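# Coordinate inspection notes
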Amino acid sequence: MNKPSSVVGITSGDNSTAAFDVEKIRADFPILSQTVYDGKPLVYLDNGASAQKPRQVIDSMSDLYETRYSNVHRGVHWTSQQSTNAYEAGRQKAAAYLNAASDNEIIFTRGATEAINLVAASWGRANLKAGDEVVISHMEHHSNIVPWQLLRQEKDIVIKVVPIDDDGNFLFDEFEKLLSDKTKMVAVTHVSNALGTIVPVADVIKAAHEKGALVLIDGCQAVPHLAVDVQALGADFYVFSGHKLYGPTGIGILWGREDILNAMPPYQGGGEMIASVTFEKTTFQKAPHRFEAGTPAIAEVVGLGAAIDYVNAIGLDNIAAHEHGVLQYATERLQAMDGVTIIGNAREKAAIVSFALDGIHPHDVGTFVDRAGVAVRVGHHCAQPVMDRFGVAATARASFGLYNTRAEVDTLVDALKETKKFFG
Amino acid sequence: MFDDLRDLYQEVILDHGKSPRNFRRPEDHTCLAHGNNPVCGDTLVVYITQDDNGKITDAAFQGQGCAISVASASMMTGIVKGKTIEEANRLFDGFHNMCTRDDFDIAELGDCDEDALDRLVMLSGVKEFPIRVKCATLAWHTMQAAVSGEEETSTE
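Residues numbered from 1 in each chain as written. Chains lettered and ligands numbered in written order. Predicted model: local features only at pLDDT ≥ 70, side-chain atom pairs only at ≥ 80, totals over all residues.

## A few points about the packing of helix 3 (residues 78-98) of chain A against helix 10 (residues 298-314) of chain A
All names here are of chain A. Short version of the rule: Orientation is described by axes fitted as lines to C-alpha atoms, over the contacting stretch for helices, and by angles from 0 to 180 degrees between their N-to-C directions. Each helix is a run of DSSP H or I of at least 4 residues and each strand a run of E of at least 2, with the numbering of both proceeding from the N terminus. Our angle categories are set so that under 35 degrees counts as roughly parallel, over 145 as roughly antiparallel, 65 to 115 as roughly perpendicular, and the remainder as oblique. Each crossing gets its hand from how the near helix is turned against the far one by less than a right angle, where anticlockwise is left-handed and clockwise is right-handed. Contact between two residues is assigned whenever their backbone-derived C-beta positions fall within 7 Å. Each residue gets one of three labels, nonpolar for Ala, Val, Leu, Ile, Met, Phe, Trp, Tyr, Cys and Pro, charged for Asp, Glu, Lys and Arg, and polar for the others, Gly among them.
The N-to-C vectors of helix 3 and helix 10 enclose an angle of 45°; their axes lie 8 Å apart at closest approach. In terms of orientation, helix 3 and helix 10 fall into the oblique class. Once helix 3 is placed against helix 10, the crossing between them reads as left-handed. Residues Ser83, Ala86, Tyr87, Ala89, Gly90, Lys93, Ala94 and Tyr97 of helix 3 lie in contact with helix 10, whose contacting residues are Ile298, Val301, Val302, Leu304, Gly305, Ile308 and Asp309. A per-class count over the contact of helix 3 with helix 10 returns ten nonpolar, three polar and two charged.

Pasting the structure below:
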């Protein structure tokens, strides 16, 4: 196998170390033993869109349904108590994963999108007035742009955008210039889903707080790769989706500081979120239940808890080191190809490489490498402003997870070479 | 490695994709529409010129897209030239069915010129790639939007 000598930190085999056995990890993911298109091993490099699920996650959900499922926080019966315990254990695991000060700071949502919408609708409507400013960055996912635009329609707020440079670096000096007494919210991604850029969020939070603004961090692309400590960061809100962290779809986390959450009006009304209801007046629970109207995604919370356990057992440091090796290898191999441009060369990156092949549209690239069994994302990655910034409509993106190997990168590169040949 | 992609990416399609025909903005166009494929972010502008009787005397496009969508736009603009709106719409209906229905019978297209038919059949290889059907039909949707007075359309 072709391995450049410049890749550091490799002990033996395919980037496996004593603490990190990638083959053992791969065996936990049933889908990775699948073959596609007449026997080609599935090479799954679309983890930025959604990650695959280990057996432990799948089993945890089946086990709940098969042995102790019921609605939560309702019944006095055994299954309800069991399910409630399992559900609240998921909350504790999420709280610990982010080092939240309290379990009450963890609100279950359908995903990061709903979490951001919740903050924009609840906190935003209650606290923002015409002329107030929300600062986002140029590399936000649409889910951290559109909720603020919806609020702008309603409240006449101003949205300011932090520029990025040609390598995809967050321009911190420009960010500081955008801050003013009018800035009430800074909502930025932790890791860009289109470019892989790691944003210096600790510095962002510090600077924003000096102006009295709150900070929301979109951690979707960060939590599978980096250890996050919301208290050390000093953030006010932190959101992520479970399915990118090897958990199920339909479950996400809104972490918020407890004092802020308890001062926010409800987002949706219904069961579970009330303290008492009469036709004249309803009083609401405190966080987190205030924001969890209706029967929640119980099995999904259990699955997310299992995913967090899984990641913790391997260790985020080990995962980050492994993924960094794969990313570096992929970057080097792509750079070595003629006619390949990497889009996004930020100083600090995590697990994502976006690229373009000269003269071949990413959509065609995606269709071709797919036939080699390689799943990459092609398109605008729900980040059209980033695409505009780099003057492209779309890119191809390989995004890595803890189970990816350098051999899989080789398969991608071979497929890209064949694609180039095909298009001549 | 990619033999099974030859049906979709035939030489003629690759040629149209690389060197699209009618890739221009006619000054005398009588209507235009912007077409968006939200799946991939591709955008096309289709320009149609009609005479007083409603016949399409010129059709052209600009924009960027994958090989399939550019080839389709290139072919579409060639095919609809000289046709009435009704004929163009009928061809699109037929082409759409060809790309999406397993039980499609070529006879459903009715009377149409053979050259147009050959090209449409060639592109209908996208049927095996459901996500790419939108690439092949974007130009046609946009043409239809232009002649019916909509300025914006999308494959969604």
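There is more to say after this.
## Observations concerning helix 12 (residues 362-371) of chain A
Residue and element names in this part refer to chain A. Short version of the rule: Counting other C-beta atoms within 10 Å of a residue's C-beta gives its exposure: the residue is buried at 20 or more, exposed at 12 or fewer, and partly exposed in between, where C-beta atoms are placed from the backbone.
In terms of burial, helix 12 is largely enclosed, as nine of its ten residues are buried. Turning to helix 12, its buried residues are Pro362, His363, Asp364, Val365, Gly366, Thr367, Phe368, Val369 and Asp370. The positive-phi residue at the C-terminal boundary of helix 12 is Gly373, with phi of around 90°.

## Topic: the interface of chain A and chain B
With 17 residues of chain A at the contact, the number on the chain B side is 17 residues. Those elements that place two or more of their residues in the side of chain A that touches chain B are helix 12, strand 16 (377-379), helix 13 (384-389) and helix 14 (406-423) of chain A. Top contributing element to the side of chain A that touches chain B by residue count: helix 12 of chain A, with five residues. Along the lines of polarity and charge, the residues of the side of chain A that touches chain B split into eight nonpolar, six polar and three charged.

## Quick look at the sheet that holds strand 13 (residues 340-343) of chain A
All names here are of chain A. This is how the line gets drawn: By definition, two strands form a pair when at least two bridges between them are found by DSSP.
Read across the open sheet, the four strands follow the order 13-14-17-16; overall the sheet is antiparallel. Of all strands in the sheet, those with a lone pairing partner are strand 13 and strand 16, marking the two edges. Pairs of neighbouring strands in the sheet enclose a mean axial angle of 30°, with direction left out of account. Here strand 16 pairs with strand 17 (residues 395-399) via three bridges, running antiparallel. Within strand 17, the position partnered with Val378 by the bridge is Ala396. Helix-sheet contacts for helix 12 involve strand 14 (352-357), strand 16 and strand 17, and the interaxial angle to strand 16 is about 155°.

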